[in-house]
Amino acid sequence: MEIAAIQTHGLTRRFGELTAVDDVTFSVAPGQFFGFLGPNGAGKSTTIKMLTGLLEPSAGTIEILGKPFSASALDLKRQIGVVPEGMALFGRLTATEYLRFVGRMYGLDKETANRRTEELLEFMQLANENKKLVTDFSHGMQKKLALAAAVIHGPKVLFLDEPFEGVDAIAAGMLKTMLQGMINRGATIFLTTHVLEIVERLCSHVAIIHQGRLVANGALEELRAGVASTLPGAQSGQRLTLEEIFLSIVGAGDQEPAQELSWLA
Amino acid sequence: MAGINGAGINGSGIGDKSIDNPEPVLAAGGGLLSPLARAQYGALAYLRWRVFVNGLRSKLGVLELGARTISFAIYALMGIGLGVGVGAAAYMMASRDQWQYFAIVFWVVCVIWQVLPIMLASFGEQFDLGSLLRFPVGFRPFFLLSVVFGLSDLSTIIGGLCCLGVLVGTTAAQPRMFAWTAPILVLFAAFNILLVRAIFAWIDRWLSQRKTREILGAVFMVLVLSMQLTNPAFWQRGHRSQGSGAHQQYRIEQLLASPWVKTANEVQSFLPPGLAAVALRQAAENQVVLALEPLGILSIFVLGAGSVLGLRLRAEYRGENLGAAPARKKAAVNSGKAVAAPPKIAAIEAEGRLGISGPIAAIIEKEIRGLFRSLPLLYAVGAPLVMVLVFSGVFIRGNSARVQAPLLAFPLCVFFAQIGFRMLFSNNLGTEGPGIQLYFLSPTSMRTVLLAKNLLHSAVFAVSMVIAGLLASLRLGQPDGVMVAATVAFLLFVLPVNLAVGNIFSLTMPFRVNPGRISRQRGSQASALFGLLFQAATLGVGAVVFEVCSLGGKLWVAIPAFLILAAIATFVWLRVLGNSDQIASERKDLLIATLMKAE
């Protein structure tokens, strides 16, 4: 039996009386590009924080590459890369300084960290911005830098929380190519984003979380077929977009605004 | 190998050299000195160095460094002075074999060590260790880093200088005691370092939730007011005003002989400062075995403080992050009532209540809520009021205290109480965080924003000054009417000066204030230093006017003099307000970048 790259069982996180993530169980196979979707406040970021050791689960287990994962699992932490929600950059460093720092924090030797820094900056087209402080970068440039920092140590599993937000079309295309390249070489990518078109294009498998609970999980084609089968006769034959699948599962498509905001122009 | 090793994506060149050739990485391990941990210490040292160097790129950064250097020199002088004082006391006691009094020295040092961190900002930029959690950092290195970063705290530096003073003083008096004094002080210092980190780690945890923050804020205010009332009431009963020096000596001896003091003395001897003193005394009396006992108990206290800190850090390390707790979801509203409610917005509601224009009322309402949810601000305003108790005591020594209180005692006490307002005045946008953007987006001028804040702060200032005045009257005796009027006129001059300077500082040297923390705050030394200089300048002007008028026997002249100064200061304040939109516009990038900066 193949060892899952990411496996959760009964993953739960409570904040006081609120259960942000409720009994979430799923598995991501090695080499999968896994899209983790959900409406705002559904529990996506909370889940990704637990999966990367930034937040302790209230209950449930996490396995990464077949081993139990916790904040103190240092060997596993070196196998994963993360673009966290707020990017966690140090604003008063240059991009070179930041990447060198991150490389060293992941245990790369100095020479390797320096070489990879140069290669990544070149690839991300940030090499010419070397004198600027990170705080002076545009949002898209910061995203690219955050992604470079997430991959500098060559992770086997990559967690990306909204990596394409604020990134221009050219850079987004470049990043998608890079991520696809990683998948081709056997890496696993766990992606959360609101841009469903990206998920549809990149991800082979999708899970949808809604109000803290996992409401769908499987190969994109399986989900498509499953949702289509619930539609009335004439519609069941058409090829659904991910947006239609998502709205159908989350149920937002049926909801009408409680009242029209008549004072809006 | 998975990952980008050998990616060579579309000829981009990434990892071309490393295809099929795994990169050398350091062995993992959570040990304090594992190769990975050592590399991480090096990386963090590099990070701190580069952040420091890059901070000097801007003029503000250079200004900040200059201010830090001056502040450091001032604090170093304070610390050295304190260390010399403590050392002299230790020398006197050790040379006279009065080892029993060492407990007083250790208690004073311990209190300074634990209380000072919340009185003064740290020199360095505060580093949030939480940002390291995504890296493979072991718990032991994480713990060590937490303690090491704490070593640059002002309290630790001053406490360390005091310990050094005790060591030098004791050794100078009795060189044979060095071998005992040194390890005792090392343990005592270790205890204090760990305890202060533990206390603030726990306080920060409690303050991370709004509800506890508000409860603690309320408790704090009650405490401040209780102390205000209790102490003067105690002294009002006449404890002060009786007898000669010999009589007071007799009273002190009586006090020391009282059962509760004896009990307190016994209890303190089982606490770290007392234990350190007992160990020192017994070592001095050559009772080596007996000296080891308090030393052992002191070691247990060190372990205890370390464990309490470890408990908190362990939770942080595991990913406990209360600040990340999402807001509780409201029940789903299906009826649409919330949307159908009358089209009132908060500002309009506030307008009705306060009777002033919409945006100003809205900002005032928001500021009131924010003030009571921000312990650092409450503390800054409240703590000097407590200190007035101590401060006013300086003026009432002697046999018939109140009669002999100097002329300037009353205005000085009141002036002292407003020192904490510097934090409110000079960084009045600090608590806005990313919300600062709203002020630039909304059709409200920065002038209106600052005016609203100034109005509220003036009201709080007025209340605080009334309390300080009442307190000073209780302790010093009722001042005459002319003095009260002159002091009020003086404050009417001080207030607009503070507001004008504060507005300029707020727009030019802002820093983000975390309302959930009273330790590990970011700060601007430049703002703090220049703020204190302006305070000193206004005090100087006040002192000159009071002195000149009183020397001529016409104190009443101070009233119109201060009122003229107040009119000039008010004019300057209004000019600053008038120009605030222009200053804000020029500094928009700085304001947004600084206040939006992540914790």
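Given the structure is predicted, the values throughout are model-derived calculations rather than measurements.

### Here's the deal with the overall build of chain A
Argument step 1. Each helix and strand counted, chain A has 10 helices and 10 strands in total.
Argument step 2. Across the 265 residues in chain A, those meeting the buried criterion constitute 48%.

### Things to note about the overall build of chain B
Argument step 1. Assigned secondary structure in chain B consists of 24 helices and zero strands.
Argument step 2. Pairs at least 24 apart in sequence give 79% of the contacts found in chain B among residues at least 6 apart.

### Quick word on the confidence of the model for chain B
All names here are of chain B.
Argument step 1. Chain-level statistics for chain B give a pLDDT mean of 75 and a share of 71% at 70 or above.
Argument step 2. Looking over chain B, one finds the lowest element-wise mean pLDDT in helix α12 (residues 337–340), namely 40, and the highest in helix α10 (residues 272–284), namely 91.
Argument step 3. Scored below 50 in pLDDT, residues 1–22 shows 50 contacts in the model against residues more than four places distant or in partner chains.
Argument step 4. Note that residues 236–241 has pLDDT below 50 and, in this model, eight contacts with residues that lie over four places away or in other chains.
Argument step 5. Both scores are given for the predicted complex: the pTM is 0.70, the ipTM 0.70.

### Some remarks on the environment of I368 of chain B
Argument step 1. Within the secondary structure, I368 of chain B is located in helix α14 (residues 358–372).
Argument step 2. Linking I368 of chain B and L456 of chain B, residues 88 residues apart in sequence, is a C-alpha distance of 7.8 Å.

### Some remarks on the environment of M141 of chain A
All names here are of chain A.
Argument step 1. Here M141 lies in helix α5 (residues 139–151).
Argument step 2. Taking the C-alpha atoms as reference, M141 lies 7.5 Å from V167; in sequence the two are 26 residues apart.
Argument step 3. Ignoring anything within four residues of it in the chain, the contact list for M141 reads L126 and E129.

### Observations regarding the sheet that holds strand β3 (residues 33–37) of chain A
Residue and element names in this part refer to chain A.
Argument step 1. As summarised here, the arrangement of the six strands in space is β6-β7-β8-β3-β9-β10, forming an open sheet in which the pairing is mixed. Only two strands of the sheet have a single partner each, and these edge strands are β6 (80–83) and β10 (213–219). Neighbour-to-neighbour, the strand axes of this sheet turn through a mean angle of 15°, independent of strand direction.
Argument step 2. The sheet contacts of α5 involve β6 and β7 (157–161), and relative to β6 the element is tilted by about 170°.

### Observations concerning the sheet that holds strand β1 (residues 6–15) of chain A
Residues and elements named next belong to chain A.
Argument step 1. Pairing is antiparallel across the open sheet formed by four strands, whose spatial order is β2-β1-β4-β5. At either margin of the open sheet sits one strand with a lone partner, and together these are β2 (18–28) and β5 (67–68).
Argument step 2. Sheet topology note: the strand β4 (residues 59–64)/β5 ladder contains two bridges and is antiparallel. Pairing of E63 across the sheet is with P68, part of β5.
Argument step 3. Set on the sheet, helix α1 (residues 44–51) makes contact with β1, β2 and β4; between it and β1 the angle comes to about 120°.

### Here's the deal with the packing of helix α21 (residues 481–508) of chain B against helix α23 (residues 558–586) of chain B
Residue and element names in this part refer to chain B.
Argument step 1. Where α21 meets α23, the closest approach of the two axes is 8 Å, and the angle between their N-to-C directions is 15°. Judged by the angle between their axes, α21 and α23 are roughly parallel. For the element pair α21 and α23, the recorded crossing hand is left-handed.
Argument step 2. In terms of residue class, the contact of α21 with α23 is made up of 25 nonpolar, three polar and no charged.

### Some remarks on the pairing of β1 of chain A
Residues and elements named next belong to chain A.
Argument step 1. One ladder, built from seven bridges, connects β1 with β2; its direction is antiparallel. Within the sheet, the bridge partner assigned to R13 lies in β2 and is V21.
Argument step 2. Remark: two residues form the turn of the hairpin made by β1 and β2, two consecutive strands paired antiparallel; G16 in that turn has positive phi of roughly 60°.
Argument step 3. The pairing of β1 with β4 spans five bridges and is antiparallel. Paired with I6 across the two strands is I64, which belongs to β4.

Thresholds, definitions, all that
Residues numbered from 1 in each chain as written. Chains lettered and ligands numbered in written order. Predicted model: local features only at pLDDT ≥ 70, side-chain atom pairs only at ≥ 80, totals over all residues. Helix = DSSP H or I, 4+ residues; strand = E, 2+ residues; numbered from the N terminus. Buried ≥ 20, exposed ≤ 12 C-beta atoms within 10 Å, placed from the backbone. Contact = placed C-beta atoms within 7 Å. pLDDT = per-residue confidence, 0-100. Pairing = 2+ DSSP bridges. Axes fitted to C-alpha atoms, helices over the stretch in contact; angles between N-to-C directions. Parallel < 35°, antiparallel > 145°, perpendicular 65-115°, else oblique. Left-handed = near helix turned anticlockwise from the far one by under 90°. Nonpolar A, V, L, I, M, F, W, Y, C, P; charged D, E, K, R; others polar.

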